[in-house]
Amino acid sequence: MIRKILGGAGALGASFAAAAPAWAQDAAEAAPAVANPGNNAWMMTATILVLLMIIPGLTLFYGGLTRSKNMLSTMTQIGATASLAMLVWVMWGFSLAFGSETYEGALGLFVSGGSYFLSGMDASTTAATFTDEVISEYVFVSFQMTFAAITAALILGATAERMKFSAVMAFVPIWLTIVYFPIAHMVWAGGGLLFEAGALDFAGGTVVHINAGVSGLVLAFLLGKRRGYPAEPMPPHSLTLTMVGTGLLWVGWFGFNAGSALEADGSAGLAMINTFVATAAGALSWMVIERLAGHKGSALGFCSGVIAGLVAVTPAAGNSGPFGAILLGIVSSAVCYFAVAKLKAKFGYDDSLDAFGIHGIGGIVGAIGTGIVYQPFLGGPGDGSTGVAAQLWIQTEGVLVTIVWAGVGTLIAGLIVKALLGLRVSEEAEVDGLDISEHGERAYN
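Rules used throughout
Residues numbered from 1 in each chain as written. Predicted model: local features only at pLDDT ≥ 70, side-chain atom pairs only at ≥ 80, totals over all residues. Heavy atoms only, no water. Helix = DSSP H or I, 4+ residues; strand = E, 2+ residues; numbered from the N terminus. Rg over C-alpha atoms; globule rule 2.2 N^0.38 Å. Buried < 20%, exposed > 50% of the residue type's maximum accessible area, 1.4 Å probe, protein only. Contact = heavy atoms within 4.5 Å. Areas by Shrake-Rupley, 256 points an atom, 1.4 Å probe, with all protein chains shown as cover. Lys, Arg positive; Asp, Glu negative; His and termini not counted. Charge placed at Lys NZ, Arg CZ, Asp CG, Glu CD. Salt bridge = Lys/Arg side-chain N within 4 Å of Asp/Glu carboxyl O. Axes fitted to C-alpha atoms, helices over the stretch in contact; angles between N-to-C directions. Parallel < 35°, antiparallel > 145°, perpendicular 65-115°, else oblique. Left-handed = near helix turned anticlockwise from the far one by under 90°. Nonpolar A, V, L, I, M, F, W, Y, C, P; charged D, E, K, R; others polar. Patch = residues over 30% accessible without salt bridge, like charges linked within 9 Å, V, L, I, M, F, W, Y side chains within 5 Å. Expected span 1.5 Å × (residues − 1). pLDDT = per-residue confidence, 0-100. Core = buried A, V, L, I, M, F, W, Y, C linked by side-chain atoms within 4.5 Å.

This brings us to the overall build of the protein chain. When you go through the protein chain residue by residue, the secondary structure sums to 16 helices and 2 strands. In terms of overall size, the protein chain behaves like a compact globule, its C-alpha atoms giving a radius of gyration of 25 Å where 445 residues would be expected to give roughly 22 Å. Projected onto its principal axes, the C-alpha positions of the protein chain cover 105 × 45 × 45 Å. A burial count over the protein chain gives 52% of its 445 residues as buried. Sequence separation of at least 24 residues holds for 78% of the intrachain contacts in the protein chain that already meet a minimum separation of 6. By element, 69% of the accessible surface of the protein chain is carried by carbon and sulfur atoms, the whole surface being about 18,200 Å². Within the protein chain, one finds 17 positive and 27 negative side-chain charges whose respective centroids are separated by 13 Å.

Shown next as structure tokens:
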């Protein structure tokens, strides 16, 4: 009897075991994806690090570079711009860039839809990463939100010391809608024009830096030069604060670059070391170039080189080996130095804090250079299936599309605001300084 029972139990167990694989497969297919807590924690940290780049990093970096009478206005414009961008992002920006609805035809190459006001999201919904893992959708929305915020704020380096606060607040939502959101979709969203073309942009060489740099240059032309520029000396009022801001930007940039892996994995580790070494190479290269040009290696040169290296490695952070990243940092520093020291004077534009000279030019160097450092012969993660020439053309195509889209879109947004409100403060307000004329405060009493 016992043998019969055990035999029956064994047969029943065997039948269950035979059915188990099919049952488990069905259950796995039915079960919703669950966010990996470790990846979620890293992405939340990365998001806060990008916020650190904006406030206090960029505010101190740009603020220290201005004259003391415009310190607070520069910082306030950055903080208010970032705050406004965050609100616009959750209302309609995320939907246009990464929305759940994919449009058919040409429209889908430039925007998406279906997620306005974050409809359809809750604490249980997830967003895909680059592997089988997922992260919380709210975390992904927040991470990308900080990118939109800092890109809009970077533009203000080209317009510092002469643009109305009201004009900035009117310009930002228009610019985000017609420039930033479509470019983010084109480069980073499945079905986007440049994404489908195979353009490599790990963390925003085109979306953030070329976009902001070109937009800043167009807006600077619309505004005109600062009163007294270039005859009147306009040195930074506090390189100490600029140095502090530089350090905060470098620290925060690890969230920017390593966070763009969307997971705490080897790709994030690669982006991390590249963000170290490219930046170090850029900082020292700028100071060496200063020396070769007959000047002393300066603190301002160090800070400029840090940013040039960071900007160049952004699109290549997970798309390069460490020595390719070092090469990008060196080349970007040299090209940006030429743009700041020679190109600006030759063409006579007033890019106040060199937003175009470093972010725009450095972004171009990094975006195109990614096509080279991605290759395995330079230690890059590419498999060599796309040749250097082919990838360089794809990268160049992405750069050209970004330049044209940002340039035309910014011109349209700037002209709309100029017609409605005017862009520039009065001459009296500019002489007094925007701190007191626009905000009724002084940075120093």
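So much for the structure itself; the text now carries on.
Within this structure, the stated rule accounts for 8 salt bridges. Residue R67 is joined to E232 by a salt bridge in which the shortest nitrogen-to-oxygen separation is 3.6 Å. Placement of the pair is R67 in the loop between α2 (37-65) and α3 (71-98) and E232 in the loop between α8 (205-223) and α9 (239-258), with a sequence separation of 165 residues. Residues joined in a network through salt bridges with shared partners are R67, E161, R162, R226, E232 and D350.

Looking at the element boundaries, S260 is found in the loop between α9 and α10 (266-292). On the basis of relative accessible area, S260 is assigned to the buried category, the value being 7%. C-alpha of S260 to C-alpha of F202: the two residues are 58 residues apart in sequence and 6.6 Å apart in space. Ignoring sequence-local partners within four residues, the contact set of S260 consists of F130, F143, F147, F202, A203 and G255.

For the pair α3 and helix α6 (residues 165-188), interaxial distance at closest approach is 9 Å and the crossing angle is 40 degrees. Classified by the angle their axes make, α3 and α6 are oblique. Remark: the crossing between α3 and α6 carries right-handed chirality. Of the residues in the contact of α3 with α6, the class split is 19 nonpolar, 6 polar and no charged.

A few words now on a nonpolar patch on the surface. The grouping of I178, V404, V408, I412, I416, L420 and L421 at the surface amounts to a nonpolar patch, some 600 Å² of accessible area in total. In terms of residue count, the dominant contributor to the nonpolar patch is helix α14 (residues 388-420) (5 residues). Looking at the element boundaries, L421 is found in the loop between α14 and α15 (427-432). Look at L421 and you get partly exposed, because its relative accessible area is 41%.

Attention now goes to helix α4 (residues 137-154). Between its first and last C-alpha atoms α4 spans 26 Å; for 18 residues at 1.5 Å apiece the expected length is 26 Å, and the two agree. Among the 18 residues that make up α4, 16 are buried, leaving the element largely enclosed by the rest of the structure.

With that settled, the discussion passes to the environment of S83. In this fold, S83 is placed in helix α3. When the C-alpha atoms of S83 and A153 are compared, they prove to be 9.9 Å apart, with 70 residues separating the residues in sequence.

A few words on the packing of α2 against α3. Helix-helix packing: each pair is described by the crossing angle between the helix axes and the interaxial distance. For the pair α2 and α3, the least separation of the axes is 8 Å and the interaxial angle reads 155 degrees. Classed by the angle they form, the pair α2 and α3 counts as roughly antiparallel. Crossing hand, α2 versus α3: right-handed. Between α2 and α3, the contacting residues are L51, I54, I55, L58, T59, L60, Y62, G63 and G64 on the first element and M71, T74, M75, I78, G79, A82 and M86 on the second. Residue classes in the contact of α2 with α3 are distributed as 11 nonpolar, 5 polar and no charged.

On to the environment of L434. On the secondary structure map, L434 appears in helix α16 (residues 434-439). Measuring from C-alpha to C-alpha, the distance between L434 and F171 comes to 18 Å, with 263 residues separating the pair along the chain. In contact with L434, other than residues within four places in its own chain, are K69, N70, S73, Q77, E161, R162, M163, V425, A429 and H439.

Before going further, it helps to examine the confidence of the model for the protein chain. Close inspection of predicted coordinates is inappropriate for parts of the model with low pLDDT. Summary statistics for the protein chain give a mean pLDDT of 93 and a share of 93% for residues scoring 70 or more. A low-confidence stretch, residues 1-30 stays under pLDDT 50, and its non-local contacts, those more than four residues away or across chains, total 0 contacts.

Moving on, we get to the side chain of T246. Structurally, T246 is set in helix α9. Assessed through its relative accessible area of 2%, T246 is described here as buried. Apart from residues no more than four positions distant in its own chain, T246 is found in contact with F61, C303 and V306.

Grouped together as the largest cluster of nonpolar side chains are 95 residues, with contacts concentrated most on L58, W89, L176 and Y180. Ignoring any residue separated from it by four or fewer positions in sequence, one finds L176 in contact with A85, V88, A148, A152, F181 and P182. Membership of the second largest hydrophobic core comes to 7 residues, among which are A203, A258, A268 and A271.

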